[in-house]
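# Overview (structure and organization)
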Amino acid sequence: MSWSRRRLLAATGSVAALSGCLNLFADDDRALSESPTGTWQQAGHDARNTSASDVTVPDRGTPAWNGGGATTIPPLIAGETVYAVGDALTALDAKTGDQEWQTELDSESSRVSSTQPAIAGEHVLFASEGQLRSFDVEDGSERWAESIDGAPIGPITVDPDNEIGIVPFERPKTGEAVMELVAFAVSSGETEWTAPLLASVLTTPPAISDGRVFAAGYARDETPVIRCLEAERGEFLWERELDDIMTRPVATEDRILVGDGGSLAIYDPAGGERLASMEIEGREIQGIAVDDGTAFVLSDDGLVALSVSDSSERWFVEGDPHADGLAVGRNSVVAPLTGDTFDLDTPWPCIAAFDRSDGATQWYYAIDESFDPAIGAPPAIADGVVFAMSNKQSGITALGDLPPEND
């Protein structure tokens, strides 16, 4: 079961609000005012899992269009196209939500696949039980397919040069299952190397930076670890023990960050020296995004911005999270968070935007028109749009700077 499915089952949810207290209860089907463009091409936006993109988050979060049929797998964005995975792989126009093409996935693949694909150049890379596949970004035609033993347990990471993809697989074996990181060639799907690691839905995908792979998981004796491998051949470089690993690793140019219980642990990528441990006041960490020297941390108490260099707290927003992840744009932080300051009669699950300089609430979109409402996945962002998912309806909802229908 993927992290997104687990969070969907555990969360409570809701529908639409905008700038302060104006709630939107209608399902809109409108084009965005501009054609958004983005590069959210893998689970953590980029190979480093930073969840930060140099795009402008819209001033309002009005629902525009819904499409794609996805339920738990977050979307990908390449240029002006959004890619959604449900029973089919669907390419949507980012401005209108109109379908550009759709490729049916065989029933076995769609049923068991619980992992987010990745885009690498002309490839949409997709892992499912027993196979790796590549589809053409332009028309959805299959470029290659490779058989592989086991089933994926987390998203695909693609290196910055679009040469290798890495995906965690659970291998079939009598008795205890074997879990491995599988590195494959983007051009062909052929396996380049494998490395054992007891990964979990919380700790994937790995991060790739400067020719190294940083993976979080468990050693054979189930000790929580962060491990560094050489990216080209998978050779072991270093490993450090953790107390209670909570998140995937995030890489910057000179640091590796990972949620370790209620602490943000920071390591030197070269030798694995622990550089700092930032306490998040006993809160369990559920997501990390990093940009321009600031770590934005989603915990079970809310959202906090921390200086990576000196561990100081820049701001904190109290609230309840509803998915394991967040997105950072040029001007805003977008998180699945419900705050006490939101003008809601009931604390519905919300996708909310906060000013990245001081944490001030900019807008929120509440999920409240469904039974046991829930947010299905973390948000993804492109220039001028936020893409959200909930159990209110299947598919991806585009939130943009539009007036409410009744304006």
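Residues numbered from 1 in each chain as written. Predicted model: local features only at pLDDT ≥ 70, side-chain atom pairs only at ≥ 80, totals over all residues. Heavy atoms only, no water.

## Things to note about the overall build of the protein
Put simply, the rule reads: Helix and strand assignments come from DSSP, with helices taken as H or I runs of at least 4 residues and strands as E runs of at least 2, each series counted from the N terminus. Residue burial is assigned from relative accessible area. The probe radius is 1.4 Å, only protein chains are included, and a residue is buried under 20% of its type maximum, exposed over 50%, and partly exposed in between. Any pair of residues with heavy atoms lying within 4.5 Å of one another is described as a contacting pair. Accessible surface area values rest on a Shrake-Rupley calculation with a 1.4 Å probe, where residue burial reflects the displayed protein chains alone.
From N to C terminus, the protein includes two helices and 37 strands. Taking all 407 residues of the protein together, 62% fall into the buried category. A separation threshold of at least 6 residues defines the contact pool for the protein, and within that pool the share at least 24 residues apart is 52%. In the form shown here, the protein has an accessible surface area of approximately 15,100 Å², with 42% of it arising from carbon and sulfur atoms.

## Thoughts on the pairing of strand β34 (residues 361-366)
For clarity, the cut-off: Strand pairing is assigned whenever DSSP identifies at least 2 bridges connecting the two strands.
Here strand β33 (residues 350-355) runs beside β34; their pairing, made up of five bridges, is antiparallel. From the neighbouring strand, Ile-351 faces β34, where its bridge partner is Tyr-365. Between the antiparallel neighbours β33 and β34 lie five residues, among them Gly-359 with a positive phi of about 80°.

## Quick notes on the sheet that holds strand β28 (residues 313-318)
Applied cut-off: In this analysis, axes come from line fits to C-alpha atoms, helices being fitted only over the stretch in contact, and the angle between any two N-to-C directions falls in the range 0 to 180 degrees.
Here four strands make up an open sheet; going across it, the order is β25-β26-β27-β28 and the pairing antiparallel. The open sheet is flanked by β25 (285-291) and β28, the only strands paired with a single partner. On average, adjacent strands in this sheet sit at an angle of 15° to one another, irrespective of strand direction. Bridge count for β25 against strand β26 (residues 294-299) is six bridges, and the pairing is antiparallel. Each bridged residue has a counterpart across the sheet, and for Ile-285 the counterpart in β26 is Ser-299.

## Some points on the pairing of strand β5 (residues 81-85)
With five of five residues buried, β5 is to be regarded as a mostly interior element. Relative to β5, strand β4 (residues 76-78) is paired through three bridges, and the arrangement is antiparallel. Bridge pairing in β5 places Ile-77 opposite Val-82. Here β4 hands over to β5 after two residues, with Gly-79 in that stretch at a positive phi of 65°. As paired strands, β5 and strand β6 (residues 88-93) are joined by five bridges and run antiparallel to one another. Following the sheet pairing, Thr-81 is matched in β6 by Asp-93. Counting the residues that bridge the hairpin from β5 to β6 gives two residues.

## Thoughts on a negative patch on the surface
What counts is decided by this rule: Patch members must show over 30% relative accessible area and no salt bridge, and they are joined within 9 Å when carrying like charges or within 5 Å when they are nonpolar side chains of Val, Leu, Ile, Met, Phe, Trp or Tyr. Just to be clear on terms, a salt bridge is a Lys or Arg side-chain nitrogen sitting within 4 Å of an Asp or Glu carboxyl oxygen. In this tally, Asp and Glu contribute negative charge and Lys and Arg positive charge; neither His nor the terminal groups of the chain are included. By convention, charge coordinates are those of NZ in Lys, CZ in Arg, CG in Asp, or CD in Glu.
A contiguous patch of negative charge, built from Asp-221, Glu-222, Glu-241, Asp-243, Asp-244, Glu-284, Asp-300, Glu-318, Asp-320 and Asp-340, is present on the exposed surface. Locating Glu-222 in the fold gives a position in the loop between β18 (212-218) and β19 (224-230). Residue classification places Glu-222 among the exposed residues on the basis of a relative accessible area of 57%.

## Topic: the packing of aromatic side chains
Let me state the cut-off plainly: Aromatic pairs are defined between Phe, Tyr and Trp rings, using the six-membered ring for Trp, whenever the two ring centres lie within 6.5 Å; interplanar angles under 30 degrees are classed as stacked, those over 60 as edge-to-face, and all others as tilted.
Enumeration according to the criterion identifies nine aromatic pairs in this entry. Note on Tyr-83 and Trp-101: the rings are 6.0 Å apart at their centroids and 55° apart in plane angle, and the pair reads as tilted. Of the two residues, Tyr-83 is situated in strand β5 and Trp-101 in strand β7 (residues 99-104); the sequence distance between them amounts to 18 residues. As far as burial versus exposure is concerned, Tyr-83 and Trp-101 are alike and both buried.

## Considerations on unusual backbone geometry
The step from Thr-204 to Pro-205 runs through a cis peptide bond, and the omega angle for that step is 5°. Within the secondary structure, Pro-205 is located in the loop between β16 (191-196) and β17 (207-209). Even without a glycine there, the phi angle at His-45 is positive, about 75°. Phi is positive for Asp-210, which is not a glycine, with a value near 50°. You can see Asp-210 is positioned in the loop between β17 and β18.

## A look at the environment of Ile-280
Positionally, Ile-280 belongs in the loop between β24 (274-279) and β25. Distance from Ile-280 to Leu-306, taken between C-alpha atoms, is 9.6 Å for residues 26 residues apart in sequence. Residues contacting Ile-280, with those up to four places away along its chain left out, are Gly-262, Ser-263, Leu-264, Ile-285, Ser-299, Val-304 and Leu-306.

## Focus: the sheet that holds strand β30 (residues 327-328)
Strand order across the open sheet formed by four strands is β30-β31-β33-β34, with antiparallel pairing between neighbours. Edge positions in the sheet fall to β30 and β34, since each has one partner strand and no second.

## A word on the nonpolar core
We count it as follows: For our purposes a nonpolar core is just a set of buried Ala, Val, Leu, Ile, Met, Phe, Trp, Tyr and Cys residues, chained together by side-chain atoms within 4.5 Å.
Counting 34 residues, the largest nonpolar core has Ile-381, Val-386 and Phe-387 as its most contacted members. Among the secondary structure elements, those contributing two or more residues to this core are β3 (62-67), β5, β33, β34, β35 (375-382), β36 (385-390) and β37 (393-400). For Phe-387, the residues in contact, after removing those within four places along its chain, are Trp-65, Pro-75, Ile-77, Val-82, Ala-94, Pro-379, Ala-380, Ala-382, Ile-396, Thr-397 and Ala-398. Counting residues in each nonpolar core, the second largest holds 20 residues, with Leu-303, Ala-305, Leu-337 and Ala-352 among its members.

## Focus: the environment of Ala-374
In this fold, Ala-374 is placed in the loop between β34 and β35. Residue classification places Ala-374 among the buried positions, given a relative accessible area of 1%.

## Points about empty space enclosed by the protein
Applied cut-off: Using only the protein atoms, space was sampled on a 1 Å grid; points where a 1.4 Å probe fits but cannot get out form cavities, open sets with protein on both sides within 12 Å along at least five of seven lines form pockets, and lining residues are those with an atom within 4 Å of a point. Grid points are joined across faces, edges and corners, and a volume is the space filled by probe spheres set on the points. Here the term charged refers only to Asp, Glu, Lys and Arg, the term nonpolar to Ala, Val, Leu, Ile, Met, Phe, Trp, Tyr, Cys and Pro, and the term polar to all other amino acids, Gly among them.
This model, assessed by the stated rule, comprises four cavities of 30 Å³ or more. Put simply, the largest cavity is a space of about 270 Å³. Of all the secondary structure elements, the ones that give two or more residues to the lining of the largest cavity are β25 and β35. Counting residues per element, the lining of the largest cavity draws most heavily on β25, at four residues. The class makeup of the residues in the lining of the largest cavity is 13 nonpolar, seven polar and two charged.

## Points about the side chain of His-45
Inclusion rule: As used in this structure description, the phrase polar contact means that two N or O atoms lie within 3.5 Å; if the pair is within protein, one of them must be able to donate a hydrogen and the other to accept it, and residues adjacent in sequence are counted only when both atoms belong to side chains.
Structurally, the position occupied by His-45 is in the loop between β2 (22-23) and β3. On the basis of relative accessibility, which here comes to 11%, the residue His-45 falls in the buried class. Looking at His-45, its side chain comes within polar contact range of the side chain of Thr-39, at 3.1 Å. Residues contacting His-45, with those up to four places away along its chain left out, are Thr-39, Trp-40, Thr-50, Ser-51, Ala-52 and Ser-53.

Read these as spatial facts, not as claims about activity.
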